[in-house]
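# Coordinate analysis (summary)
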Amino acid sequence: MSKTLVIVESPTKARTLKKYLGSDYIVESSVGHIRDLPANAAEVPAKLKGEAWSRLGVNVEEDFQPLYIVRPEKKAKIKELKDSLKEVDRLLLATDEDREGEAISWHLLEVLKPDVKVERMVFHEITKKAIMEATQNTREVDLNLVEAQESRRIVDRLYGYEISPTLWRKIKPRLSAGRVQSVAVRMLVERERARMRFVEAEYWDLSAVFESKEGKSFEARLTTVDGQRVAAGKDFDPDTGKLLKKRDVLHLDKGASEALRQGIAKGTFEVISAEEKPFTKRPAAPFTTSTLQQEGGRKLRFEAKRTMRAAQRLYENGYITYMRTDSVVLSEAAIDLARSAVKDLYGAEYLPREPRHYQGKVKNAQEAHEAIRPAGDEVATTEAVRKHLGPDEAKLYELIRMRTLASQMKDAKGRRMVVKVAVEHEGRQVVFQASGSVIDFPGFLRAYVEGEEDADGALGGDEKVLPPLEQGDRVQAQELRCEEHRTTPPARLTEASLVKALEESGIGRPSTYASIIDTIQNRNYSFKKGTALVPTFTAFAVTALLEQHFTNLVDAAFTAQMEEQLDAIARGEGGRIEYLRSFYEGNGNPGLKPLVEQSIEKIDPRTICTIPLGEDTDGVPVEVRVGRYGPFLSCGDDSAPLPDDICPDEVDLAFALERIEAKKRGADPIGSHPDNDEPVYVKTGRFGPYVQLGDGEDGEKPKMVSLLKGMDPENLDLKTALQLLELPRVVGQDDDGVDIMAYNGRYGPYIKRGDDTRSLSAEDNLLTLERKRAMELLAQEKPGRGGRRTPKPIKTFENVPELEGGNIQLLEGRYGPYVTDGEVNASLPKGANVDELTVTLAIELLEARRAKGGVKKRKKKAAKKPAAKKTTTKKATTKAASKKKASKKTASKKKAAKKTTKKAASKKASKKKPS
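Keep in mind it's a predicted model, so treat the numbers as computed, not measured. (Residues numbered from 1 in each chain as written. Predicted model: local features only at pLDDT ≥ 70, side-chain atom pairs only at ≥ 80, totals over all residues. Heavy atoms only, no water.)

A tally of regular secondary structure across the protein chain gives 25 helices and 34 strands. Buried positions account for 47% of the 915 residues belonging to the protein chain. By sequence separation, contacts in the protein chain at least 24 residues apart represent 66% of the contacts at least 6 residues apart. Accessible area for the protein chain stands at about 48500 Å²; split by element, carbon and sulfur atoms hold 48% of it. (Helix = DSSP H or I, 4+ residues; strand = E, 2+ residues; numbered from the N terminus. Buried < 20%, exposed > 50% of the residue type's maximum accessible area, 1.4 Å probe, protein only. Contact = heavy atoms within 4.5 Å. Areas by Shrake-Rupley, 256 points an atom, 1.4 Å probe, with all protein chains shown as cover.)

Below you can see the structure in the form of structure tokens.
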């Protein structure tokens, strides 16, 4: 009997396929790519290390041939797949149907070199019907898609490997540049620059509460005075705070608004118009990768990475269709299923007469997948997903399910009302306007409202009913209020709005947005403040360098054009080599390589790394500088450090001058140490305020101790400073005479006895803690090996079949809950509920961690060297350390004695001087 080997990318996908395919199929996973470009110089084969191009991993001298290597951790997997090939007479490559999946299949062919029949198997959902159909409708590997993926990979490699070293030389080490990453960073920086330029404007208007003749109240706002519109926030230039030119508007200040209020308070208010117009609202299309990430961020507060992780698990477990897609198209079967579900849930009156069909408007849409929707012939319940996979997956599935149903429902219909109320004042007509809306038929809004967590709640919130009013009706002014308004700076980009901006600009692929956002945070180009992405000053320096010397490479239009060319290669309409040569060597415009060569000597690091803030009272420039060790403020010869996580728009001229002045104040001691008369300072550094003893002599650094949490450096007295300088201090000794030490650590204050440590509680004072309390803390729960607490078991899954009857434990660790099978540890996803953890999720977390090389290292049973030598070495090391410590202590005493003698001599000399 013939057998078939099916290869997919992930173990979870393999396990799901095994349920549908019979004993005639062997299903294995490649666990992602089996080979790639070398990650570093160590991975380049020895025979090629001498080649000039080898550092790139791409032979730019021979038609941009990539150098592919198989990493050590993949060799065992390749052997496993080759062994499986010996048992079959047919190979089905069942990787995802996109560029990345196509490339994985091609690499498998290149490495495995199968001598059996090979076919490409593709599917958009993992259901039994879809899988069985896919086994019968195969094709060949699409080499156009492979070339497009390879071209994209090479472009990204050349971009990163050519420009990143320039950043290291001109700004600081360990920075990176990327084709999409650098444009995304520029978007964040441009928004922050707008916030830094922003000048606040103040304007006033009036609000009113009127009462109709039936006694019903409604709110209205001042709109015009004598036909001239009252100024609103949109009328002011955000860079100057002044009214925009060519705006014929009335700018009211506090005095003018109050005078107007008093002038009309006793006037007669009359309705001059009452209009009612119908409106129709249409449902949004089903989800694409991008819109799913955006709504996951808005509705669920999920990071893009978290959304994609949950979507991946939903797909691999057969709950949704393929989650990397730019398409908004639904199959006829899916439309029929959605319409049937709408009829069952909401009734036939919510179904349009004809099915809805959507067309995408996204630039550079790739691969003809369906939109993201529930998979299969039946729509699974959200509760079933929750029990099987967990809370994140259930929340995202509900989002996908309801968006799909809403896309096949009727439009929402309603009415909008606009009422204008006028009063005469000094011969001028003063007009207020009230707006309202009523939803007559909710249609799709019953199922889904964009950006709202609760559709029913959003429906109620959308309605604002005005009382029945007609032209000529008189109304009473119950209340008239003067209201102050201030313009606000443009909002920072969030993950959701950055994804939207990238997609609308045609930059990158939505499937890569999550990893790009992750990278720019990991590389210290941005950090989170709430949900907003805040660029760092390092991002400012990198963006400035690229804008001034590699303009096209961070230009959104140019990057989008690159995407179009890569898409043309995928369609077989463009040549890979021609495109790469034009990008790297140039064709009319300078290519990447000549740009780097020409710019390297022109780039002035000081200019690039400087952000001007203004001038002090003496006309000296005040600037932010980006140094190799972080940002700092500079004003002439004075400087002051800045924290890495400070928001750039908070660093204005006033802030900078105050910070520099504070640094100067820190140059004056708050007193002297009573033992050696060394000055004691309170200073502020990159990592916060600290106290310092002495100025440091003979190349030795002075002692520095951070202030404890809650301490105010402005009000710190000498007594407290001296107590801090005593740290670490001996609290006392235990019953065996072992010292108990008190420390101010990176994660807070703690005590230590030998290797035994305990954190202090919020009520404990590190500076005054006594032996009795220290002994109480040490008597609490005994720590485990290495000074760590023994992890508490929360849940245990016993006799897990996938582990051949082994167990999986859920433990409470120092940094949160994690699962372990004894070999591998894997943290739970952020926000996961430990009570809802399933054995399926536990297995998948462990498999994902194992694929990344997360197997715990085993201790060797025997050392290579004899035990006696080890003991001697250890003793010698200990003895040497003690000797070094004693020597340092002696030197310190000599230094103190020297200072005391010097000071005494100085005092003696001063006494001899005549008064």
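Ranked by internal contacts, the top residues of the largest apolar core, which has 151 residues, are Leu 158, Ile 163, Ile 171 and Leu 498. Excluding its chain neighbours within four sequence positions, the residues that come into contact with Ile 171 are Ala 541, Val 542, Leu 545, Ile 608, Cys 609, Val 626 and Arg 628. Judged by nonpolar contacts, the second largest core, of 26 residues, contains Ala 220, Val 230, Ile 264 and Leu 466. (Core = buried A, V, L, I, M, F, W, Y, C linked by side-chain atoms within 4.5 Å.)

Quick look at helix α22 (residues 718-725) now. Among the residues of α22, those classed as buried are Thr 720, Ala 721, Leu 722, Leu 724 and Leu 725. Contacts from the buried residues of α22 go to β24 (679-685), β25 (688-693) and β26 (703-706).

For the rest of this paragraph, the subject is the environment of Asp 205. With respect to the helices and strands, Asp 205 occurs in strand β7 (residues 202-211). For the pair Asp 205 and Val 230, spaced 25 residues apart in sequence, the C-alpha separation works out to 7.4 Å. Residue contacts for Asp 205: discarding those within four places in its chain leaves Arg 221, Val 230, Leu 252, Ser 257, Arg 481, Cys 482, Glu 483 and His 485. Within the structure, the side chain of Asp 205 is placed 3.1 Å from the side chain of Arg 221, a separation counted as a polar contact. (Polar contact = N/O pair within 3.5 Å; in protein donor to acceptor, adjacent residues only side chain to side chain.)

Attention shifts here to helix α9 (residues 304-316). Over its 13 residues, α9 extends 18 Å from the first C-alpha to the last, a length consistent with the 18 Å expected when each residue adds 1.5 Å. When you tally the buried positions in α9, you get eleven out of 13 residues, the bulk of the element. For α9, the set of buried residues is Ala 304, Arg 306, Thr 307, Met 308, Ala 310, Ala 311, Gln 312, Arg 313, Leu 314, Tyr 315 and Glu 316. Looking one or two residues past α9, Gly 318 carries a phi angle of roughly 85°, positive in sign. (Expected span 1.5 Å × (residues − 1).)

Before going further, it helps to examine the sheet that holds strand β34 (residues 825-827). Through backbone hydrogen bonds, the strands of a sheet pair up, either in parallel or in antiparallel fashion. Here we have four strands laid out as an open sheet, ordered β31-β32-β33-β34, and antiparallel in their pairing. Two strands close off the open sheet at either side, each with one partner strand: β31 (792-800) and β34. Mean inter-strand twist for the sheet, computed between neighbouring axes without regard to direction, equals 20°. Of the strand pairs in this sheet, strand β32 (residues 806-813) and strand β33 (residues 816-820) are connected by five bridges, and their pairing is antiparallel. Within β33, the residue paired with Gln 809 across the bridge is Thr 820. (Pairing = 2+ DSSP bridges. Axes fitted to C-alpha atoms, helices over the stretch in contact; angles between N-to-C directions.)

The topology assignment puts Thr 720 in helix α22. When its relative accessible area of 18% is taken as the criterion, Thr 720 is described as buried. As for Thr 720 and Val 691, which are separated by 29 residues in sequence, their C-alpha atoms are 9.8 Å apart. Contact partners of Thr 720, with chain neighbours within four places excluded, come to Met 711 and Leu 767.

What follows concerns the packing of aromatic side chains. Each pair of aromatic rings is reported with the distance of its centres and the angle of its planes. As enumerated under the stated definition, the model contains 14 aromatic pairs in all. Plain terms: the ring middles of Phe 210 and Phe 269 are 5.3 Å apart, the flat faces sit at 50° to each other, and that makes the pair tilted. Highlighted residues: Phe 210 in strand β7 and Phe 269 in strand β11 (residues 269-281), separated in sequence by 59 residues. As far as the burial class goes, Phe 210 and Phe 269 line up, both buried. (Phe/Tyr/Trp six-rings, centres within 6.5 Å; stacked < 30°, edge-to-face > 60°.)

Next up on the list: the side chain of Lys 74. With respect to the secondary-structure elements, Lys 74 resides in helix α2 (residues 72-85). As a buried residue without a salt bridge, Lys 74 has its nearest oppositely charged side chain in Glu 73, at a separation of 6.8 Å. A distance of 2.3 Å separates the side chain of Lys 74 from the backbone oxygen of Val 31, its partner in a polar contact. When residues no more than four places from it in sequence are discounted, the contact partners of Lys 74 are Ser 30, Val 31, Gly 32, His 33 and Ile 34. (Lys, Arg positive; Asp, Glu negative; His and termini not counted. Salt bridge = Lys/Arg side-chain N within 4 Å of Asp/Glu carboxyl O.)

A few words on the sheet that holds strand β20 (residues 621-627). Strands sit in the order β19-β20-β21-β22 across an open sheet of four strands; the sheet is antiparallel. Two strands bound the open sheet, and with one partner strand each, they are β19 (610-615) and β22 (638-641). The average angle at which neighbouring strand axes cross in this sheet is 25°, direction not considered. Here β20 runs beside strand β21 (residues 630-635); their pairing, made up of six bridges, is antiparallel. If you follow Arg 625 over to β21, its bridge partner there is Phe 632.

It is worth spelling out the pairing of strand β15 (residues 526-529) at this point. As paired strands, β15 and strand β16 (residues 532-535) are joined by four bridges and run antiparallel to one another. When the bridges of β16 are listed, Ser 526 appears paired with Pro 535.

So, about unusual backbone geometry. In this model, Leu 727 is joined to Pro 728 through a cis peptide bond whose omega is -10°. Tracing the backbone through its elements, the reader meets Pro 728 in the loop between α22 and β27 (729-733). One non-glycine residue, Asp 226, lies in the positive phi region at around 55°. Phi is positive for Glu 426, which is not a glycine, with a value near 50°. In this structure, Glu 426 sits in the loop between β12 (412-425) and β13 (428-441).

Okay, the confidence of the model for the protein chain next. In regions of low pLDDT, the predicted coordinates are not meant to be interpreted in detail. With 89% of its residues at a pLDDT of 70 or more, the protein chain has an overall mean of 86. Mean pLDDT across the elements of the protein chain bottoms out in helix α25 (residues 867-912) (41) and peaks in β7 (97). A low-confidence stretch, residues 362-367 stays under pLDDT 50, and its non-local contacts, those more than four residues away or across chains, total 20 contacts. Low confidence marks residues 857-915, where pLDDT is under 50. Its contacts with residues over four positions away, or in another chain, come to eight contacts. (pLDDT = per-residue confidence, 0-100.)

A complete count under the given rule lists 63 salt bridges for this structure. Ionic pairing is found between Asp 392 and Arg 306, a salt bridge with its closest N-O pair at 2.8 Å. One end of the pair, Asp 392, is in helix α12 (residues 391-406); the other, Arg 306, is in helix α9, and 86 residues separate them in sequence. Taken individually, Asp 392 and Arg 306 each receive the classification buried, so the pair is uniform in this respect. Residues joined by salt bridges that share partners form a network here, namely Arg 152, Asp 156, Arg 179, Asp 326, Arg 509 and Glu 563.

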